[in-house]
Amino acid sequence: VQLQASGGGLVQPGGSLRLSCAGSGSIFSINDINWYRQAPGKQRELVAGIIPDGTTNYADSVKGRFTISRGNARNTVYLQMNSLKPEDTGMYYCKFEVILEDGFLEDYWGQGTLVTVSS
């Protein structure tokens, strides 16, 4: 199983970015999907998550600005980030809880995509 994250970049404060993460390989189905971020010198933190029934959750710092959603291709997830702030800067990682074709449950991480919010 591989996860490919994309969509990061340099954006001015107040701007928007849309991150994507696509899973491929021996995936039978996907349970929870989460986006994490890690700012320089800080621990990785949970930003947003979505469960199979569509219920979402967000860190307080991004509520009302970020939206997590699953794509029509069920192995894809998006993170729409609006009204970006300098403190949103960091490496963003997607994590899928995957049920494999052999029935085992495993967590997989994407490689990270860098978001820099700066004027």
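Residues numbered from 1 in each chain as written. Predicted model: local features only at pLDDT ≥ 70, side-chain atom pairs only at ≥ 80, totals over all residues. Heavy atoms only, no water.

**Q** Give me the sheet that holds strand β1 (residues 2-6): which residues, what numbers.
**A** With respect to topology, four strands assemble into an open sheet ordered β1-β3-β8-β7, the strand pairing being antiparallel. Of all the strands in the sheet, the pair left with one neighbour each is β1 and β7 (66-70). In this sheet, neighbouring strand axes are inclined to one another by 15° on average, regardless of whether the strands run parallel or antiparallel. Two elements, β1 and strand β3 (residues 17-24), share five bridges in a ladder whose sense is antiparallel. In the sheet register, Gln2 faces β3, and the bridge partner there is Ser24. (Pairing = 2+ DSSP bridges. Helix = DSSP H or I, 4+ residues; strand = E, 2+ residues; numbered from the N terminus. Axes fitted to C-alpha atoms, helices over the stretch in contact; angles between N-to-C directions.)

**Q** Provide a residue-level description of the packing of aromatic side chains, including the pertinent values.
**A** Each aromatic ring pair is characterised by the separation of its centres together with the angle its planes make. Counted under the stated rule, the structure contains two aromatic pairs. Ring centres of Tyr36 and Trp109 lie 4.9 Å apart, and the angle between their planes is 50°; on these two criteria the pair is classed as tilted. With Tyr36 in strand β4 (residues 27-38) and Trp109 in strand β10 (residues 105-109), this residue pair connects regions lying 73 residues apart in the sequence. We classify Trp109 as partly exposed; its relative accessible area is 37%. Taking 6.5 Å as the distance between ring centres and 80° as the angle between the ring planes, the aromatic pair formed by Tyr93 and Trp109 counts as edge-to-face. Highlighted residues: Tyr93 in strand β9 (residues 90-100) and Trp109 in strand β10, separated in sequence by 16 residues. Grouping aromatic residues by their ring pairs yields a cluster made of Tyr36, Tyr93 and Trp109. Above the ring of Tyr78, the side-chain terminus of Arg18 is found at 3.9 Å from the ring centroid. Positioned above the aromatic ring of Trp109, the side-chain terminus of Arg44 is 4.7 Å from the ring centre. (Phe/Tyr/Trp six-rings, centres within 6.5 Å; stacked < 30°, edge-to-face > 60°. Buried < 20%, exposed > 50% of the residue type's maximum accessible area, 1.4 Å probe, protein only. Lys NZ or Arg CZ within 6 Å of the ring centre and 35° of its normal.)

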